Amino acid sequence: MMSRKSLLIMRNECWRRVTSRTFILTTLLGPALLVGLLALVIIGVSSSIGDEFGGKNESLRIAIIDKTGVLGDQMIRENDGNHVLFHFDGDHDSAVEDAVSSRMDAFILIPETIISGTGQPVLYSFQDRGFRVQLELAGIIERSLKDHLLLEANVTDDIRAILDRSVGLDFALTGYEDAQSTANSSLDVDATTDDVGIVMMGTILALMMYMTILIYGTLIMYGVIEERSTRVVEIIVSSVRPIDLMMGKVLGIGLVGLIQMLTWLLIIIGGLVFASPIVGLFVDPAMVDASSQEVLSSIDLILSELSIQLVMAIVVYFIGGYLMYGGLLAAVGSMVDSPQDAQTLLIPVIIPIMAPMMFLSVILLSPNGAISMGLSLFPLTSPVTMAVRLAIGSVPVWQLLISLASLIVSVFGAIWVSAQIYRSSILMYGKKPSLKTVFTYLKTC
């Protein structure tokens, strides 16, 4: 049970920080700045797409030096009219002279060996013509070569239509009890789960968990260092036990982080409701392909994937991860006199919480793989990893129970170890931290 003094310290830490201008500004402006940054990225990308693929580029006069004798005419027929393609009977040097005299903007050299598959066409130009021009001309050459080879092989139009077909693959999550009904009925497209939306939601949750735990855990460390450097702790510990002081500080700042996280979550949920209309103001659907349309629709999917159980699980893992890292970082702060000295012990503590971010792509692509399972069962990496796995798919019950049990045990273990280090080192000054010192503190308990 928590003591009355711990509750008073927790309430004081929470109220003092929540009512500060810094907390209010960061809580309200944080999501706004994030949305503004995303809006700038969307506007920049959409404008780039418009410039590259929206038909705004000037029409170019492009000469074709056709060494095959057959592809040049086919390329002119395949041209959609964006550029002027014409034959050039000269060689490379004479084409360069014509380009210098502005008779042409660029020229393409089609080697004879392209028919056998060993040659590669080259676009020559004195200016960077952009990625759009390269894609357009590459498509024209590819279609021309394909038609020529199919014609030589006497392939009929029906077979060409079969070769031109493409098939996509939708993805749906289903339980064992639904397997029989799914097999006996047609798959509803609207019931499929958009993998783009899953990746977006998993990434957002991972970043939120990682940043919140790290930011507020570090605040505890800096708070303890500040009390040591100003000698305020000497007055505090005269009336409060070190364990009560540490528990109150960890829980108070943790409550601040929980309030801010829930506020950000509500703001993000509200923002997602209006995200698609806002994106639609900047992105012309006619300019984007099917995959881009899926990205836009997946924004609405993220909101539908959120559930009460998922939110509760995220809160539980956030509280457990915060208490564990908050206790460890409080112990780091109690052993040093300045933030510079803390760097020695800070790196080993924060490396485990960075591991899920380094393996985030692996977790998203293979949530039930060995790496994902190992990171979700290991208590120092489970808060972020398990939150992502729960968001993007189902997790076996036994893994969830083992993960929660190990996290709870680690929370109490971290707080106990941190309390012993805090009690032994809080009034010591001028001593550089080391692992030997840490073990010495633990032996004295």
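To be clear, the structure that these remarks concern was listed above.
The rules behind these values
The written sequence of each chain sets the order in which its residues are numbered from 1. Local features in this predicted model are restricted to residues whose pLDDT is 70 or higher, and side-chain atom pairs enter the listing and the counts only when it is 80 or higher, whereas totals over whole chains, interfaces and linings include all residues. With hydrogens and water stripped out, all remaining heavy atoms of the structure feed into the side-chain values. Three exposure classes are used, based on accessible area relative to the maximum for each residue type with a 1.4 Å probe and protein chains only: buried under 20%, partly exposed in between, and exposed over 50%. Numbering of helices and strands runs from the N terminus; a helix is a DSSP stretch of H or I covering at least four residues, while a strand is a stretch of E covering at least two. Paired strands, in this sense, are two strands between which DSSP finds at least two bridges. Structural elements are reduced to axes, namely lines fitted to C-alpha atoms, with helices fitted over the stretch in contact, and the angle between N-to-C directions of any two is expressed from 0 to 180 degrees. We call two residues in contact whenever any of their non-hydrogen atoms come within 4.5 Å of each other. Any Phe, Tyr or Trp ring, taking Trp's six-membered ring, that has another such ring centre within 6.5 Å forms a pair; planes under 30 degrees apart are called stacked, those over 60 apart edge-to-face, and the others tilted. What makes a salt bridge here is a side-chain nitrogen of Lys or Arg within 4 Å of a carboxyl oxygen of Asp or Glu, nothing more. Excluding any residue in a salt bridge, patches collect residues exceeding 30% relative accessible area, merging like charges within 9 Å and nonpolar Val, Leu, Ile, Met, Phe, Trp and Tyr side chains within 5 Å. Note on areas: Shrake-Rupley, 1.4 Å probe, and residue coverage restricted to the protein chains presented here. It is the directions from the helix axis to the C-beta atoms that the arc portrays. Under the convention used here, Asp and Glu are negative, Lys and Arg are positive, and both His and the chain ends fall outside the count. Whenever a nitrogen or oxygen atom comes within 3.5 Å of another N or O atom, the pair is scored as a polar contact, on the condition that within protein one atom can donate a hydrogen and the other can accept it, and that pairs from neighbouring residues in sequence are kept only if both atoms are in side chains.

A.B. asks: Would you take a moment to explain helix H17 (residues 382-392) for this structure?
C.D. replies: Side chains three or four residues apart in an α-helix point the same way, a direct result of the helix having 3.6 residues per turn. Of all the 11 residues making up H17, 10 are buried; the element is thus mostly covered by neighbouring parts of the structure. Restricting attention to buried positions, one finds in H17 the residues Ser-382, Pro-383, Val-384, Thr-385, Met-386, Ala-387, Val-388, Arg-389, Ala-391 and Ile-392.

A.B. asks: Can you help me understand the sheet that holds strand S4 (residues 122-124) in this one?
C.D. replies: Strand-to-strand pairing in sheets goes through backbone hydrogen bonds, with the strands running parallel or antiparallel. Reading across from one edge, S2-S1-S3-S4 is the order of the four strands in this open sheet, with mixed pairing throughout. Each end of this open sheet is capped by a strand with a single partner; those strands are strand S2 (84-87) and S4. Across the sheet, the axes of successive neighbouring strands diverge by a mean angle of 25°, strand direction being ignored. One ladder, built from four bridges, connects strand S1 (residues 61-66) with S2; its direction is parallel. When the sheet's bridge partners are listed, Ile-64 is paired in S2 with His-87. The sheet strands contacting helix H4 (residues 92-100) are S1, strand S3 (106-110) and S4, and the helix crosses S3 at an angle near 165°.

A.B. asks: What should I look at first to understand the packing of aromatic side chains in this one?
C.D. replies: For any pair of aromatic rings, the description rests on two quantities: the centre-to-centre distance and the angle between the ring planes. Scanning the entire structure with this criterion turns up two aromatic pairs. Note on Phe-107 and Tyr-124: the rings are 5.0 Å apart at their centroids and 15° apart in plane angle, and the pair reads as stacked. One end of the pair, Phe-107, is in strand S3; the other, Tyr-124, is in strand S4, and 17 residues separate them in sequence. Aromatic side chains Phe-318 and Tyr-322 sit 6.3 Å apart centroid to centroid with 25° between the ring planes, which places their arrangement in the stacked category. Note that Phe-318 and Tyr-322 are positioned in helix H13 (residues 308-334) at a spacing of four residues, about one turn of the helix. There is no split in this pair, since Phe-318 and Tyr-322 are both buried.

A.B. asks: I'm lost on the pattern of salt bridges in this one. Help?
C.D. replies: Side chains that differ in sign of charge can pair as their charged atoms come close. This model, assessed by the stated rule, comprises two salt bridges. Salt-bridge contacts for Glu-78 lead to Arg-143; the nearest nitrogen and oxygen are separated by 3.2 Å. Of this pair, Glu-78 sits in helix H3 (residues 71-78) while Arg-143 sits in helix H5 (residues 130-152), and the two are 65 residues apart along the sequence.

A.B. asks: In this structure, what is going on with a nonpolar patch on the surface? I would like to understand it.
C.D. replies: A grouping of Ile-24, Leu-25, Leu-28, Leu-29, Leu-33 and Ile-267 is seen on the molecular surface, where their side chains present a nonpolar patch of about 570 Å² in accessible area. Looking at which element gives the most residues to the nonpolar patch, the answer is helix H2 (residues 21-53), with five residues. As for its position among the elements, Leu-29 is in helix H2. Among the residues examined, Leu-29 registers a relative accessible area of 44% and is labelled partly exposed.

A.B. asks: Could you clarify how one ought to interpret H4 in this entry?
C.D. replies: Among the residues of H4, Ala-95, Asp-98 and Ala-99 are the ones counted as buried. Along the axis of H4, the buried residues cluster in a sector spanning 100°; they form a single face. Projecting away from the buried face of H4 at angles above 90 degrees are the exposed residues Asp-93, Glu-97 and Val-100. Looking at the buried side of H4, the elements it contacts are S1 and S3. The first or second residue beyond H4 is Ser-102, which carries a positive phi of 65°.

A.B. asks: Explain the side chain of Asp-98 here, please?
C.D. replies: The residue Asp-98 is located in helix H4 in this model. Apart from the residues within four sequence positions on either side, Asp-98 is in contact with Phe-88, Arg-103 and Met-104.

A.B. asks: Which parts of the structure should I look at to understand the environment of Ala-331?
C.D. replies: Looking at the element boundaries, Ala-331 is found in helix H13. When residues no more than four places from it in sequence are discounted, the contact partners of Ala-331 are Ser-418 and Ile-421.

A.B. asks: Looking at this structure, I do not really get the side chain of Asp-66. What am I missing?
C.D. replies: Secondary-structure assignment places Asp-66 in strand S1. In this structure, Asp-66 is buried with no salt-bridge partner, the nearest side chain bearing the opposite charge being Lys-67 at 9.1 Å. Reaching out from Asp-66, the side chain makes a polar contact with the backbone nitrogen of Leu-71 at a distance of 3.3 Å. Those residues within four positions of Asp-66 in sequence are excluded, and the remaining contacts are Leu-71, Gly-72 and Ile-110.

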